[in-house]
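# Structural features, examined
Listed below are the residues making up each chain.
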Amino acid sequence: AAQARSSLGPPALEQARQLGIEELHGSLVPDAAPAQGGRASRLSRVQSRCWADQRVRDGLNRARQGDQKAAIERYDAALELCPQHKEGLVGRGAALTNLGKAREALKDFDAALRLDPEDANALKYREIARK
């Protein structure tokens, strides 16, 4: 119903679906009824995860360019949005390892492995940091 009243139009709705957004938050849809608590909370988590994913991708790009400090800033921003972002933890740990901060890096790798004990990147980089 909210989508039918949306002034965003079908192209914006289709783009949202392509980004994995199934429902638009009531504040994004003019004249929409207030979002239900559960749905709004779920959407907020999805949006935060999407924004965190983008910051992790930015961090990876900065790390590939050799700017580890800028990469860490992006990973930190991702982890503020989504504290259990496994890729953000692994990326920040790798950047910290590259800066010689193995103790801090090990904390990130251990946190990532608590989320996914089989994560190949976390396991690999944790071994590198331990050397």
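Conventions and cut-offs
- Residues numbered from 1 in each chain as written.
- Predicted model: local features only at pLDDT ≥ 70, side-chain atom pairs only at ≥ 80, totals over all residues.
- Heavy atoms only, no water.
- 1 Å grid on protein atoms, 1.4 Å probe; cavity = no way out; pocket = protein on both sides within 12 Å on 5 of 7 lines; lining within 4 Å.
- Points joined across faces, edges and corners; volume = space filled by probe spheres on them.
- Helix = DSSP H or I, 4+ residues; strand = E, 2+ residues; numbered from the N terminus.
- Nonpolar A, V, L, I, M, F, W, Y, C, P; charged D, E, K, R; others polar.
- Phe/Tyr/Trp six-rings, centres within 6.5 Å; stacked < 30°, edge-to-face > 60°.
- Lys NZ or Arg CZ within 6 Å of the ring centre and 35° of its normal.

In this section: the layout of surface pockets. Taken as a whole, the largest pocket encloses approximately 370 Å³ of empty space. Together, 18 residues line the largest pocket, and Leu60, Val90, Gly91, Ala94 and Tyr125 are the ones closest to its centre. Secondary structure elements with two or more residues in the lining of the largest pocket: helix 2 (37-64), helix 3 (68-81), helix 4 (86-98) and helix 6 (120-130). Looking at which element gives the most residues to the lining of the largest pocket, the answer is helix 4, with 8 residues. Partitioned by chemical class, the residues of the lining of the largest pocket number 9 nonpolar, 5 polar and 4 charged.

The subject of this paragraph is the packing of aromatic side chains. As enumerated under the stated definition, the model contains 1 aromatic pair in all. Judged by centre distance (6.3 Å) and plane angle (15°), the rings of Phe109 and Tyr125 are stacked. Remark: Tyr125 occurs in helix 6 and Phe109 occurs in helix 5 (residues 102-115); sequence separation between them is 16 residues. Here Lys124 stacks its cationic end above the ring of Tyr125, 4.9 Å away from the centre of that ring.

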